Amino acid sequence: MATPTNGSGNLVEEFEESFQACLNVLTKQEASPCVEKEEVKVEVERFIDLARQMEAFFLQKRFLLSAMKPELLVKEDNNELKCELQRKEELLRRHYDKISQWQNLLADLQGHTQYNKCQQQTPQPALQQAASPMQQPCSVQQSVQAQQMAAAAAQQALQQQALQQQQVATPRPPPPPAYPASVQRR
């Protein structure tokens, strides 16, 4: 095992050398499995030890830096928050893109149902009412509400069409026979 070093330059150099030694052991073309296993184990342990030392060194320096210059920590936190905001803005942009795609698909479906409506001459006011809020959405909440209303209206229209088809396809059963007026109920 390597002894800890004082300077970060020496530690980094030792770390790089250890990493190269690990790679060299693994890429060596000699075929002696007994020696290789032992050699690999030694080199990997050395590499892990140096990695721990280097991590401890940088953590110590970070601790000293945070004690001496706390404004740097605030700056770092600020940068992390900015990155998080950018990530969330990108997520929102993709969400808006998907919403617009779904709105276009819904508008196409509504246009198709309106075309069918013109052919059948049966007015469906629920679809017309749901289509009007989608013209100019002002916010995400209004857009989502408009989508929900349009989806509900489209679903209601489909249910009405299904009921009309069922009524045409299946005749109603005859009403049950009426009781004579002279029979008393208990």
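Coordinates for the structure precede this section.
A few points on the structure. (Residues numbered from 1 in each chain as written. Predicted model: local features only at pLDDT ≥ 70, side-chain atom pairs only at ≥ 80, totals over all residues. Heavy atoms only, no water.)

1. Remarks on the pattern of salt bridges
Part 1 of the argument: On inspection of all chains with the given rule, the structure shows five salt bridges.
Part 2 of the argument: Among the ionic pairs, Arg62 bridges to Glu76, the shortest N-O distance being 2.8 Å. Residue Arg62 is located in helix α2 (residues 33-68), and its partner Glu76 is located in helix α3 (residues 70-120); the two are separated by 14 residues in the primary sequence.
Part 3 of the argument: Judged by its relative accessible area of 41%, Arg62 is partly exposed.
Part 4 of the argument: Here Arg93 and Asp97 are joined by a salt bridge, their closest N and O atoms 2.8 Å apart. You can see Arg93 and its partner Asp97 sitting in helix α3, four residues apart, about one turn around the helix.
Part 5 of the argument: Judged by relative accessible area, which is 35%, Asp97 ranks as partly exposed.
Part 6 of the argument: Each member of the salt-bridge network shares a partner with another, and the members are Glu84, Arg87 and Lys88. (Salt bridge = Lys/Arg side-chain N within 4 Å of Asp/Glu carboxyl O. Helix = DSSP H or I, 4+ residues; strand = E, 2+ residues; numbered from the N terminus. Buried < 20%, exposed > 50% of the residue type's maximum accessible area, 1.4 Å probe, protein only.)

2. Section: the nonpolar core
Part 1 of the argument: By size, the foremost hydrophobic cluster in this structure holds five residues: Leu11, Phe15, Leu50, Met54 and Phe57.
Part 2 of the argument: Those elements that place two or more of their residues in this core are α1 (8-27) and α2.
Part 3 of the argument: Element by element, the count of residues in this core is highest for α2, at three residues. (Core = buried A, V, L, I, M, F, W, Y, C linked by side-chain atoms within 4.5 Å.)

3. Focus on the packing of aromatic side chains
Part 1 of the argument: Taken as a whole, this structure holds three aromatic pairs when the rule is applied.
Part 2 of the argument: With 5.5 Å between their ring centres and 40° between their planes, Phe19 and Phe47 make a pair best called tilted. Within this pair, whereas Phe19 is found in helix α1, its partner Phe47 is found in helix α2, the two being separated by 28 residues in sequence.
Part 3 of the argument: By relative accessible area, which is 38% here, Phe19 ends up partly exposed.
Part 4 of the argument: Here the aromatic residues Phe15, Phe19 and Phe47 are joined through ring pairs into a cluster of three or more. (Phe/Tyr/Trp six-rings, centres within 6.5 Å; stacked < 30°, edge-to-face > 60°.)

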